[in-house]
Amino acid sequence: MAVTLEQAQRVGYILLKALLRFSFMVANNLVAISSYVLYLIILQPLRLLDSKRFWYIEGVLFKWLLAMVASWGWWAGYTVVEWGDDVKVVSEDEAMMLVNHQATGDVCTLMMCLQDKGTVVRQMMWLMDHIFKYTNFGIVSLIHGDFFIRQGKAHRDQQLVLLKEHLDKHYRSRDRKWIVLFPEGGFLRKRRETSQAFAKKNNLPFLTHITLPRLGATQVILKSLVAQQENGTPAGGDAMVSESKSKGLQWVIDTTIAYPNAEPIDIQTWILGYRRPTVTHVHYRCISSVTRSSKGSFPKDDPQQPVACCHTVPCVFVGWYVVLHLSVFLSLPILKVERDLRTP
């Protein structure tokens with residue numbers, strides 16, 4: 001089929017815009033990341049004299065870098081609509097954010113969402129695949145204290161031990177509040193078939209828009225950061241710093257990212273901006289972890305009582321944090337459909 005003049009002009013415009021954006025991003029990264037590293041090298045004496053103030057300054061610089069990445073998407077017309085609980089009200093508490101994973105753009109989407117959530121961005125720790133260590137942002141994440149995790153059975157047990165050690169060493173010493181985890185263990189397109197085969201074999205929910213979560217890292221985080229209770233008061237433990245007044249991890253934030261027509265945005269699209277303006281929907285559900293029962297579930301989330309959620313896009317939401325609470329809710333714009341997948 002012949003290409004019309006209008007189509008040719010549009011392709012030329014997209015290519016030119018992508019080239020200009022890419023050039024700007026390269027220059028932006030070279031200047032911003034180099035500045036971040038150099039400032040922190042200069043401030044090393046302050047780290048020895050006043051560690052808390054040093055990590056405060058580092059957090060501010062880190063937030064600016066994430067704002068820079070978020071601005072790339074905003075400039076291309078990629079915006080976000082947020083639904084569900086207002087997570088800003090718990091921004092000063094410790095929380096674990098569990099997020100479904102579809103593409104590399106999920107991280108950029110979160111960077112955009114969390115910019116206006118108080119001190120969250122500068123006091124958060126990310127758990128990400130080790131391959132990101134070798135990207136342009138890897139040096140920043142290494143300095144900030146994020147954890148790079150290796151996938152696969154051969155590394156699983158060792159990685160959980162390393163994660164526990166990393167949390168004990170860096171989480172509270174650097175005044176971290178939130179920790180971000182993608183419990184699916186990989187992108188949806190890569191994990192879906194494996195997840196569905198595992199679900200069929202073990203009589204678990206057959207999921208299409210998300211995959212069954214891997215619970216190893218989640219369990220390590222909960223055991224390390226949730227304050228243990230003794231007679232109603234927090235007990236000191238390996239994860240608790242004796243001089244700290246921290247109440248421990250108080251919230252689990254179940255976060256679902258939904259893209260129009262199930263077409264996720266990857267990092268290349270975020271940088272080059274060749275896709276038409278898109279509105280991404282992000283849903284939050286806050287679950288208190290302060291008064292967990294002895295069975296490990298949360299008081300507001302009785303496994304026998306499914307909860308209906310209403311959203312404007314067809315999405316599936318799962319209570320990731322515990323296997324016993326595995327309900328799936330499919331909500332449509334004009335019809336609420338609720339299914340409890342524990343029943344046949």
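Structure report, in brief. The structure displayed is predicted, hence computed values, not measured ones. (Residues numbered from 1 in each chain as written. Predicted model: local features only at pLDDT ≥ 70, side-chain atom pairs only at ≥ 80, totals over all residues. Heavy atoms only, no water.)

Structural notes on the overall build of the protein chain
Formally: Put simply, DSSP H or I for four residues or longer makes a helix, DSSP E for two residues or longer makes a strand, and each gets a number counted from the N terminus. Note on classification: 1.4 Å probe, protein chains only; a residue is buried when its accessible area is under 20% of the maximum for its type, exposed when over 50%, partly exposed between these limits. Residue contacts are counted whenever heavy atoms from the two residues lie within 4.5 Å of one another. Reported accessibility uses the Shrake-Rupley method at a 1.4 Å probe radius. Residues are deemed covered only where the shown protein chains occlude them.
If you tally the helices and strands in the protein chain, you get 9 helices and 12 strands. By residue count, 48% of the 344 residues in the protein chain fall in the buried class. For the protein chain, the share of sequence-separated contacts (at least 6 apart) that also reach a separation of at least 24 residues comes to 71%. Looking at the protein chain as shown, the accessible area adds up to about 18200 Å², and 60% of this sits on carbon and sulfur atoms.

Comments concerning a nonpolar patch on the surface
Defined as follows: Within this analysis, patches are made of residues with over 30% relative accessible area and no salt bridge. Like charges are joined at 9 Å or less; nonpolar side chains (Val, Leu, Ile, Met, Phe, Trp, Tyr) at 5 Å or less. Within this document, salt bridges are pairs made up of a side-chain nitrogen of Lys or Arg and a carboxyl oxygen of Asp or Glu, the two lying within 4 Å of each other.
A cluster of nonpolar residues, Phe-22, Val-26, Leu-30 and Val-31, forms a patch on the protein surface that exposes about 380 Å² of accessible area. Inspection of the secondary structure puts Val-31 in helix H1 (residues 5-42).

Here we look at the packing of aromatic side chains
Applicable threshold: Whether two aromatic rings pair depends on their centres lying within 6.5 Å, for rings of Phe, Tyr and Trp, where Trp uses its six-membered ring; planes under 30 degrees apart make the pair stacked, over 60 edge-to-face, and the rest tilted. Think of it as a cone above the ring: NZ of Lys or CZ of Arg counts as a charge over the ring if it is within 6 Å of the ring centre and within 35 degrees of the ring normal.
Under the criterion given, the structure shown has 3 aromatic pairs. Plain terms: the ring middles of Phe-54 and Trp-55 are 4.9 Å apart, the flat faces sit at 80 degrees to each other, and that makes the pair edge-to-face. You'll find Phe-54 and Trp-55 in the same group, each marked buried. Arranged with centres 6.1 Å apart and planes meeting at 40 degrees, the rings of Tyr-78 and Trp-270 form a pair that is tilted. Taken together, the positions of Tyr-78 in strand E1 (residues 78-84) and Trp-270 in helix H9 (residues 267-272) put the pair 192 residues apart, joining distant regions of the chain. Per residue, the accessibility class of Tyr-78 equals that of Trp-270, and both read buried. The lysine or arginine in question, Arg-21, covers the ring of Trp-75, its NZ or CZ lying 4.7 Å from the ring centre.

Description of the nonpolar core
This is how it is decided: Working definition of a nonpolar core: buried Ala, Val, Leu, Ile, Met, Phe, Trp, Tyr and Cys residues. They are joined through side-chain atoms within 4.5 Å.
If you look at the biggest cluster of nonpolar residues, it comprises 49 residues, and the most contacted ones within it are Met-97, Trp-126, Trp-178 and Ile-253. At the level of secondary structure, the elements contributing two or more residues to this core comprise H1, helix H3 (51-76), strand E2 (94-99), helix H4 (105-113), strand E3 (124-129), strand E5 (178-181), strand E8 (249-258) and strand E9 (278-288). Broken down by element, this core gets its largest block of residues, 11 residues, from H3. Counting residues in each nonpolar core, the second largest holds 20 residues, with Met-96, Met-125, Phe-147 and Leu-249 among its members.

Concerning a positive patch on the surface
Under the convention used in this document: Under the convention used here, Asp and Glu are negative, Lys and Arg are positive, and both His and the chain ends fall outside the count. For charged residues, the charge sits on one atom: NZ in Lys, CZ in Arg, CG in Asp, CD in Glu.
A cluster of basic residues, Lys-153, Arg-156, Lys-201 and Arg-214, forms a positive patch on the protein surface. Of note, Lys-153 is situated in helix H6 (residues 153-171). Using a relative accessible area of 71% as the deciding quantity, one classes Lys-153 as exposed.

Looking at the sheet that holds strand E4 (residues 147-149)
Here is the rule: Here, strands pair whenever DSSP counts at least two bridges between them. Note on method: axes are straight lines fitted to C-alpha atoms, helices fitted across the in-contact stretch only, with angles between N-to-C directions ranging 0 to 180 degrees.
Read from one edge of the open sheet, 7 strands run E1-E9-E8-E2-E5-E3-E4, paired in mixed fashion. A strand with exactly one partner marks an edge of an open sheet, and here the two such strands are E1 and E4. Strand-to-strand twist in this sheet, taken as the mean axis angle between neighbours without regard to direction, amounts to 20 degrees. Direction of pairing for E1 relative to E9: parallel, over a ladder of 7 bridges. Each bridged residue has a counterpart across the sheet, and for Val-81 the counterpart in E9 is His-281.

Some words on H4
Burial analysis of H4 places 9 of its 9 residues in the buried class, which makes it a mostly covered element. Along H4, the residues classified as buried are Gly-105, Asp-106, Val-107, Cys-108, Thr-109, Leu-110, Met-111, Met-112 and Cys-113.

Here's the deal with the pairing of E8
Within a regular beta strand, the side chains point alternately toward one face of the sheet and then the other, so they alternate between its two faces. Burial runs high along E8: 10 of the 10 residues are buried. As paired elements, E2 and E8 share 6 bridges and run parallel to each other. Each residue of the ladder has a partner; that of Glu-94, found in E8, is Leu-249.

So, unusual backbone geometry
Phi angles above zero are rare outside glycine, and Asn-203 is one such case at about 55 degrees. Positionally, Asn-203 belongs in the loop between helix H7 (188-201) and helix H8 (216-225).

Things to note about the packing of H6 against H8
For any two helices packed against each other, one specifies the inter-axial angle together with the distance between the axes. Applied cut-off: The handedness criterion is simple: a crossing whose near helix is rotated anticlockwise from the far helix by less than a right angle is left-handed, and one whose near helix is rotated clockwise is right-handed. Each residue is assigned to one of three groups, with Ala, Val, Leu, Ile, Met, Phe, Trp, Tyr, Cys and Pro labelled nonpolar, Asp, Glu, Lys and Arg labelled charged, and all others, Gly among them, labelled polar.
For the pair H6 and H8, the least separation of the axes is 10 Å and the interaxial angle reads 35 degrees. For H6 against H8, the interelement crossing comes out right-handed. Residues Leu-160, Leu-163, Lys-164, Leu-167 and Tyr-171 of H6 touch H8, and the partners they reach there are Gly-216, Ala-217, Val-220, Ile-221, Ser-224 and Leu-225. Looking at the contact of H6 with H8 residue by residue, the classes come out as 8 nonpolar, 2 polar and 1 charged.

Considering the side chain of Glu-184
The condition is simple: Distance and chemistry together define a polar contact, namely a pair of N or O atoms within 3.5 Å, with one atom able to donate a hydrogen and the other to accept it when in protein, and with adjacent residues in sequence counting only for side-chain atoms on both sides.
Turning to its location among the elements, Glu-184 is positioned in the loop between E5 and H7. With a relative accessible area of 0%, Glu-184 lands in the buried category. A polar atom in the side chain of Glu-184 sits 2.5 Å from the backbone nitrogen of His-101.

Comments concerning H7
Note the cut-off: By this rule, a helix spans an expected 1.5 Å times one less than how many residues it contains.
End to end, H7 covers 19 Å across 14 residues, agreeing with the expected 20 Å (1.5 Å per residue, within 8%). Where H7 is concerned, the buried positions are Leu-188, Arg-191, Ser-195, Gln-196 and Ala-199.

Remarks on the pattern of salt bridges
Evaluated as defined, the whole model comprises 8 salt bridges. Put simply, Arg-285 and Asp-254 hold a salt bridge, and the shortest N to O gap is 3.7 Å. Separated by 31 residues along the polypeptide, Arg-285 in strand E9 and Asp-254 in strand E8 bring together distant segments of the chain. Like Arg-285, the residue Asp-254 is buried in the burial classification.

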